[in-house]
Amino acid sequence: MTAQTDTSGSVTTVYKVTGMSCGHCEGSVSGEISEIPGVSSVKAVASTGEVTVVSTAPLDDEAVRAAVDEAGFELAGRA
């Protein structure tokens, strides 16, 4: 799946992250990704490993990878 732009100009991208198992994991990943400039919301779901990111423009995958690494998890790619 690629990033999708909605009518308001926001871009929604879903990533797969491995290793999340609880709410604390979700919070760690969400917190790090939300610090990337342009990110307006992040929703991480440990049970599926999916992280949905809404941003003002498409994000650099390497910036997302670095944020996920900083949280202690691994970015498996886009969902």
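Residues numbered from 1 in each chain as written. Predicted model: local features only at pLDDT ≥ 70, side-chain atom pairs only at ≥ 80, totals over all residues. Heavy atoms only, no water.

1. Let's talk about helix 2 (residues 61-70)
Link 1 in the chain: For helix 2, the set of buried residues is V64, A67 and V68. Each buried residue of helix 2 sits inside an arc of 100° when the element is viewed along its axis, so together they form one side.
Link 2 in the chain: The inward-facing, buried residues of helix 2 abut strand 2 (11-18), helix 1 (23-34) and strand 5 (74-78).
Link 3 in the chain: Just beyond helix 2, the residue with positive phi is G72, at close to 95°. (Buried < 20%, exposed > 50% of the residue type's maximum accessible area, 1.4 Å probe, protein only. Helix = DSSP H or I, 4+ residues; strand = E, 2+ residues; numbered from the N terminus. Arc of directions from axis to C-beta. Contact = heavy atoms within 4.5 Å.)

2. Let's talk about the pairing of strand 3 (residues 39-45)
Link 1 in the chain: In this structure, strand 3 lies alongside strand 4 (residues 50-55), joined through six bridges in antiparallel fashion. Residue pairing in the sheet places V45 in a bridge with E50 of strand 4.
Link 2 in the chain: In this antiparallel pair of consecutive strands, strand 3 and strand 4, the connection spans four residues, and G49 shows a positive phi of 75°. (Pairing = 2+ DSSP bridges.)

All we've got here are geometric facts, nothing functional implied.
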